[in-house]
Amino acid sequence: MTLDMTQGKPSRLLLKFAFPLMLSQLLQQCYSFCDTLLVGRFLGSVALTAAGSAGGLSWIPQNLVCCAIYAYGVALSHRFGARDMEGFRRFFAGAMVLATSIGVVITVVGIIFAEQFLILLGTPAELLSLATTYLRVLWAGFLLTALMNLFSTALTSLGDSKTPLVSLAISSAVNIVLDILFLSIFHMGIGGAALATVIAQACATGWNLFRLIRKGDVMPKLRHFRLQQKVMNELLRLSLPQMISSAVINSGGLLVQRITNSYGVEFVMGLNGASRIFSMLYVVGYGLELAVLTYTGQNWGACRQDRIRDGVRFSVIFGFISSALIGCTVALAAETLIRFLLTDASDESIRIGTEALRTLGMFLPGMYLLCEFRAAIQGMGNALYPMLSGFSELTMRIIACLLLPKVLGRSGLYFVDASAWIPTMVLMIIGYISVLKKCTDTP
């Protein structure tokens, strides 16, 4: 199934496309939450905190490759919107080569230097061995992560948001079953939890590839892998700024994690618990972000810039209202959620996690709007402003890390992410208005 988003009512199209993606994200977060609970129940809070520290580091290359792949998706959605399926297959072939290359490099470097990376971040000694094991197993399967995301993005660029939902359902079920098997029966420890994730991602990759093959006219043939320079140049033009932005943003995240680690295991445990729960709050935002990216990309490719403004306006209003409601609800239930997750943690860790989660929930609308406006700009083929967003977030995180703990003590670290989101959101709004005005003024 494909969805042409260049015709029809924008609000209906966006919700129709976004809803399966929201379910996908909800399912992913639920299985991630179940995975967290299983690790905590079978291995304890120390192992859970080690997995959280390693997971935070593993997210950096994953986010890097996802940003590149989302950029490839912009090029694919432009070709689909223009009804250029031959061009679609050529760009898909180029994206497969680039994603595979990135995946192999990250796998090799990650496995070799996993422990050194964790040491550089100041990971507490009692967590280092467990975190290294978890990280190496995850990075051993990184190529599967890259291909899973690429195939999913190719499907969404065609307007198919249901197949990724099915693949994620399969992956989630496999992951939970293997977690129970590896942790409670085979007693494989934290490495078993990571291995379950890798095998589950292999299942999702296989399903996405199967569905792409079934579509018939979208998979590249051998001739499409004779890469054209203009194709590769376009893919690199779109993806390199996104990768730079991701690297810059993540360097700020590493700074925050290093400073956080310096406050000891109890503080790290509380903040990791809050971060794991907070990641579930982006369910609606994830669907809207990818919907805006695909909607804008298809309409840009079809030269229907007149439809972009209406679609983005609806997405922003819907996103603001939903994020405000989610943030308020989580703020009220913060302590209950933290206690449910960190079952054997100290009262101090519970208090830290509760305070951090409430703070993050307050600023959730800023994060939603930042991501939606940035997705709209990306969909219009502009790579400059999304790259600038990375430098904006890095600058604000550095300033916040240096100043807020001096003013508020260690609780100042709760506000570091929010201090980066709000100014960057303003920058993206300005960028969106500027890019849209420029393209509509151009004859």
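Reading guide: rules and limits
Residues numbered from 1 in each chain as written. Predicted model: local features only at pLDDT ≥ 70, side-chain atom pairs only at ≥ 80, totals over all residues. Heavy atoms only, no water. Helix = DSSP H or I, 4+ residues; strand = E, 2+ residues; numbered from the N terminus. Buried < 20%, exposed > 50% of the residue type's maximum accessible area, 1.4 Å probe, protein only. Contact = heavy atoms within 4.5 Å. Areas by Shrake-Rupley, 256 points an atom, 1.4 Å probe, with all protein chains shown as cover. Lys, Arg positive; Asp, Glu negative; His and termini not counted. Charge placed at Lys NZ, Arg CZ, Asp CG, Glu CD. Patch = residues over 30% accessible without salt bridge, like charges linked within 9 Å, V, L, I, M, F, W, Y side chains within 5 Å. Salt bridge = Lys/Arg side-chain N within 4 Å of Asp/Glu carboxyl O. Axes fitted to C-alpha atoms, helices over the stretch in contact; angles between N-to-C directions. Parallel < 35°, antiparallel > 145°, perpendicular 65-115°, else oblique. Left-handed = near helix turned anticlockwise from the far one by under 90°. Nonpolar A, V, L, I, M, F, W, Y, C, P; charged D, E, K, R; others polar. Core = buried A, V, L, I, M, F, W, Y, C linked by side-chain atoms within 4.5 Å. Phe/Tyr/Trp six-rings, centres within 6.5 Å; stacked < 30°, edge-to-face > 60°.

To continue, consider the overall build of the protein chain. In terms of helices and strands, the protein chain carries 16 helices and 0 strands. C-alpha extents for the protein chain along the principal axes are approximately 60 × 45 × 35 Å. The buried share of the protein chain, taken over its 443 residues, is 58%. Of the contacts made within the protein chain by residues no fewer than 6 positions apart, 84% connect residues no fewer than 24 positions apart. Total accessible area computed for the protein chain in this model is approximately 17,500 Å², and 68% of it derives from carbon and sulfur atoms. A distance of 10 Å separates the average location of the 33 positive side-chain charges in the protein chain from that of its 23 negative side-chain charges.

Looking now at a nonpolar patch on the surface. Among the surface-exposed residues, V104, V105, V108, V109, I112 and F113 lie close enough to one another that they form a single nonpolar patch of about 490 Å² accessible area. Here V109 is to be found in helix α3 (residues 85-120). With a relative accessible area of 36%, V109 lands in the partly exposed category.

Let us now look at the packing of α3 against helix α4 (residues 125-140). Relative to each other, α3 and α4 sit at 160°, their axes nearing to 9 Å. Considering their axes alone, α3 and α4 lie roughly antiparallel with respect to each other. Here α3 runs over α4; the crossing is right-handed. Where α3 abuts α4, its residues T107, G110, I111, I112, A114, E115, F117, L118 and I119 lie against L128, A131, T132, L135, R136, W139 and A140. Classifying every residue of the contact of α3 with α4 by side-chain character gives 11 nonpolar, 3 polar and 2 charged.

Let us now look at the nonpolar core. In this structure, Y72, F92 and Y432 are the most contacted members of the largest nonpolar core, which totals 122 residues. Of all the elements, helix α2 (residues 45-81) adds the most residues to this core, at 15 residues. When near neighbours in sequence (up to four residues on either side) are disregarded, Y432 contacts I308, R309, V312, F373, A376, I377 and M380.

For residues that are not glycine, phi is negative in most cases, and the peptide bond is trans in most cases. Backbone geometry places R83, a non-glycine residue, at a positive phi of 60°. Counting through the fold element by element, R83 comes out in the loop between α2 and α3. Phi at C303 takes a positive value of approximately 60°, unusual for a residue other than glycine. With respect to the helices and strands, the residue C303 is situated in the loop between α10 (283-301) and α11 (305-332). What makes C303 exposed here is its relative accessible area of 58%.

Further remarks concern the pattern of salt bridges. A full pass over the atoms with the stated rule returns 15 salt bridges. Here D417 ties to R397 by a salt bridge, and the two come within 3.0 Å at their closest N and O atoms. Of this pair, D417 sits in helix α16 (residues 416-441) while R397 sits in helix α15 (residues 384-408), placing them 20 residues apart in sequence. Classification of R397 by relative accessible area gives buried; the value is 7%. It is possible to trace a salt-bridge network through shared partners that takes in E86, R89, R90 and R223.

By the definition in use, this model includes 12 aromatic pairs. Centre to centre, the rings of F267 and Y414 are 6.4 Å apart; their planes meet at 15°, and the pair counts as stacked. Of this pair, F267 sits in helix α9 (residues 265-278) while Y414 sits in the loop between α15 and α16, placing them 147 residues apart in sequence. For F267, a relative accessible area of 1% gives the class buried. Given the relative accessible area of 7%, Y414 is considered buried. For the ring pair F363 and F415, a centre distance of 6.4 Å and an interplane angle of 80° mean the geometry is edge-to-face. Placement of the pair is F363 in the loop between α13 (347-362) and α14 (364-379) and F415 in the loop between α15 and α16, with a sequence separation of 52 residues. Residue F363 is classed as partly exposed on the basis of its relative accessible area, which comes to 24%. Ring-pair connections join several aromatic residues into one group, and the members of that group are F88, F92 and F151.

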